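Reading the structure
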Amino acid sequence: VAKKHFATHATPRGSANDMVESASIAIKASLRLYNQNKTATQLSSLKAILKFLQKVEKKPSDIRARRLQMSNIVVKKFVTKVKGGLELMIACGFDRENVGEKKEQLIMKEVSRDLVQLGISLVQKKTR
């Protein structure tokens, strides 16, 4: 299975604090990209991403909560077609992965509770 990684993905080799700090920088950078979108688009996208993250937080062992098909209409509308949306998901711990010839998914293989909670916190601040 081939993977595509982006520069915003936080994969430091140090401590958990280093990982959270790197992720915080990446999440904030992706949130700055949101300013290029219309306000209504920003809010609807962030609310959808918040729901995705809250689902992972609530059920971290459920692979269905940690896997999103890129062909899904909600993912397309609120993540991939919004400036900063895909970068935000990757900064929060999701990986972009090819599945088969023409299918892609976002998947969080390992859940970092700290990273998911950080993403939730920063997205909530942006939606206020």
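This section reports on the structure supplied with the text.

What counts and how
- Residues numbered from 1 in each chain as written.
- Predicted model: local features only at pLDDT ≥ 70, side-chain atom pairs only at ≥ 80, totals over all residues.
- Heavy atoms only, no water.
- Axes fitted to C-alpha atoms, helices over the stretch in contact; angles between N-to-C directions.
- Helix = DSSP H or I, 4+ residues; strand = E, 2+ residues; numbered from the N terminus.
- Parallel < 35°, antiparallel > 145°, perpendicular 65-115°, else oblique.
- Left-handed = near helix turned anticlockwise from the far one by under 90°.
- Contact = heavy atoms within 4.5 Å.
- Nonpolar A, V, L, I, M, F, W, Y, C, P; charged D, E, K, R; others polar.
- Core = buried A, V, L, I, M, F, W, Y, C linked by side-chain atoms within 4.5 Å.
- Buried < 20%, exposed > 50% of the residue type's maximum accessible area, 1.4 Å probe, protein only.

Contact geometry of helix α2 (residues 39-58) with helix α6 (residues 113-127) gives a least axis separation of 9 Å together with a crossing angle of 155 degrees. With respect to each other, α2 and α6 are oriented roughly antiparallel. Seen from above, α2 lies across α6 with left-handed handedness. Judged by residue contacts, Q42, L43, L46, L50, L53, Q54, V56 and E57 of α2 engage R113, V116, Q117, G119, I120, V123, Q124, K126 and T127 from α6. The class makeup of the residues in the contact of α2 with α6 is eight nonpolar, six polar and three charged.

A few words on the nonpolar core. Nonpolar side chains in soluble globular proteins tend to be buried together. Ranked by internal contacts, the top residues of the largest apolar core, which has 31 residues, are I27, I49, V79, L88, M89, F94 and L106. Those elements that provide at least two residues to this core are α1 (16-33), α2, α4 (73-80), α5 (85-91) and α6. Those residues within four positions of M89 in sequence are excluded, and the remaining contacts are I49, F52, L68, V79, F94 and L106.

Another point: the packing of α2 against α4. Running from amino to carboxyl end, α2 crosses α4 at an angle of 120 degrees, the nearest separation of the two axes being 8 Å. Relative to α4, the element α2 lies oblique. The crossing of α2 and α4 is left-handed. Residues S44, S45, A48, I49 and F52 of α2 form the contact with α4, whose participating residues are V74, V75, F78 and V79. Taken together, the residues of the contact of α2 with α4 sort by class into seven nonpolar, two polar and no charged.

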